[in-house]
Every structure is written in structure tokens, then in C-alpha cells.
Amino acid sequence: MLHNQRILPAVKQMKDYDKLLESDTEVIVLLETRISSLKSMVKYAKRANKKVIVHADLIQGLKTDNYGMEYLGQDVKPDGIISTRTNVIQLAKKYKLTAIQRMFLIDSQAIEHNLSLVEQTKPDFVEVLPGIMPHVISDIKSSLDEHNIKIIAGGLIRTQQDVDEAIQAGATAISTSLKELWDFNLA
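Residues numbered from 1 in each chain as written. Predicted model: local features only at pLDDT ≥ 70, side-chain atom pairs only at ≥ 80, totals over all residues. Heavy atoms only, no water.

On a plain count of helices and strands, the protein chain comes out with 7 helices and 8 strands. Expected size for 187 residues packed as a compact globule is a radius of gyration near 16 Å; at 16 Å, the protein chain falls within 12% of this value. Taking the principal axes of the C-alpha coordinates as reference, the protein chain spans close to 40 × 40 × 25 Å. Across the 187 residues of the protein chain, 51% fall into the buried class. Taking the contacts inside the protein chain whose residues are at least 6 apart along the sequence as the reference set, 59% of them involve residues at least 24 apart. Summed over all atoms, the accessible surface of the protein chain reaches about 9400 Å², with 45% contributed by carbon and sulfur. The averaged location of the 24 negative side-chain charges in the protein chain is 8 Å from the averaged location of its 23 positive side-chain charges. (Helix = DSSP H or I, 4+ residues; strand = E, 2+ residues; numbered from the N terminus. Rg over C-alpha atoms; globule rule 2.2 N^0.38 Å. Buried < 20%, exposed > 50% of the residue type's maximum accessible area, 1.4 Å probe, protein only. Contact = heavy atoms within 4.5 Å. Areas by Shrake-Rupley, 256 points an atom, 1.4 Å probe, with all protein chains shown as cover. Lys, Arg positive; Asp, Glu negative; His and termini not counted. Charge placed at Lys NZ, Arg CZ, Asp CG, Glu CD.)

Written out as C-alpha cells, the structure reads:
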């Protein structure tokens, strides 16, 4: 899904979403979306030939249980799901959606715990937050290489240097809501 795109714009506001539909970006990440508008947002993005990743944990009004994931997988049909929850990652895979497991890097124990969860769920990608720790990204990449799981760095990335360092450390892409880092033609 992430072939050439290094920056994944994470959208919080509708005006940014509308601009991204007209831009050169291939993938859009929807954050903090209301369930009532989600299906139409995905539909419009697909009409504009965009792939859509939805942060399932942040959809207002959606419970991320079996039924909520059934709704996402069968009715909304995004291209991918982001979640911290293992059940959501497993269900995303069941519905053949790209599964992105979000991992918070708060301390060594959290990293070890999350890596053991990743081994169980085998997501397509792991999103590490904050994404401004290149040496930790490098270590996690080494742990995930044997499973062929790629890394997305997100959170607290504020400069092009942060982007470059995360990519050099082994991240495949960067997710950010900071518009200044979106290097697309925002018509």
C-alpha cells in the first residue's frame, strides 16, 4: 500500500481532507472522525483514487468490537486500519484490510510488551510513537525484519530533519498531522 509515499497526511479537519482529495497524495489517514461521516469520507476519497487508512480507536461513536469492525470491513471498506488493540488488528486482517498496530514507546517494558503483541498479531505495519527516536526505530526494525513488518514513524515529528532521521533509521513512512511536512501539491 505504501509504495512511493513517505509522508502520510493524518487529517483532523474537513478543510484539510478536501485539499488532500485534490492533491497528489496517494494515501490519507483519517483521525478523530465521526462515525456518521466516515463512510462518505472513504467513498469520496476512493473516487479521487486515494487509499484511506482509518484510526479505528479514534472514530467517535464506534465501538471497536466484532460488530464495529464488521461495519468497517463490510460497509465502510477503508484500505487500512490503525489501532493499539490486538483484537482490532486481527479483525482488520480478517476483513483483508491493511493492519497497522500502533505502539507507544514510553519505556523498555512497553516496547518489549508491544513487540510480543506484534508477534502474535503480525500486522502489516507497526506505527511507532513518538517517531523522533531514530535509535529505537532502528532497534524495533531489527526485531521486526524477520517477520517482514514495516515501520511507520509518527508523533512529535516537527521538522524535515526528524523525517529524514526516522527514514534513515528504518521507517518506511511518516504519519503526521503537521501540514508543513505534507510535501504534496495541495491545490
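After that view of the structure, there is still more to cover.
Regarding helix α3 (residues 66-76), the residues found buried are Gly68, Met69, Leu72, Gly73 and Val76. The buried side chains of α3 occupy one side of the element, clustering within an arc of 130° when seen end-on. Buried residues along α3 sit against α2 (35-47), β4 (80-83) and α4 (86-94). Two residues or fewer past α3, Lys77 is found with a positive phi of approximately 60°. (Arc of directions from axis to C-beta.)

Let us now look at a positive patch on the surface. Residues Lys39, Lys43, Arg47 and Lys77 make up a contiguous surface patch of positive charge. Here Lys39 is to be found in helix α2. Classification of Lys39 by relative accessible area gives partly exposed; the value is 42%. (Patch = residues over 30% accessible without salt bridge, like charges linked within 9 Å, V, L, I, M, F, W, Y side chains within 5 Å. Salt bridge = Lys/Arg side-chain N within 4 Å of Asp/Glu carboxyl O.)

Turning our attention to the sheet that holds strand β8 (residues 173-176). Read once around its circumference, the closed barrel built from 8 strands follows the order β1-β2-β3-β4-β5-β6-β7-β8, with strand pairing classed as parallel. Averaged over all neighbouring strand pairs, the angle between strand axes comes to 25°, with direction disregarded. Bridging between strand β6 (residues 125-129) and strand β7 (residues 150-154) involves 4 bridges; their strand directions are parallel. Counterpart to Phe125 in the pairing with β7 is Lys150. With respect to the sheet, helix α1 (residues 14-21) is in contact with β1 (7-11) and β2 (27-30), its orientation differing from that of β1 by roughly 140°. Along the sheet face, helix α7 (residues 160-169) touches β1, β7 and β8 and points at about 140° away from the line of β8. (Pairing = 2+ DSSP bridges. Axes fitted to C-alpha atoms, helices over the stretch in contact; angles between N-to-C directions.)

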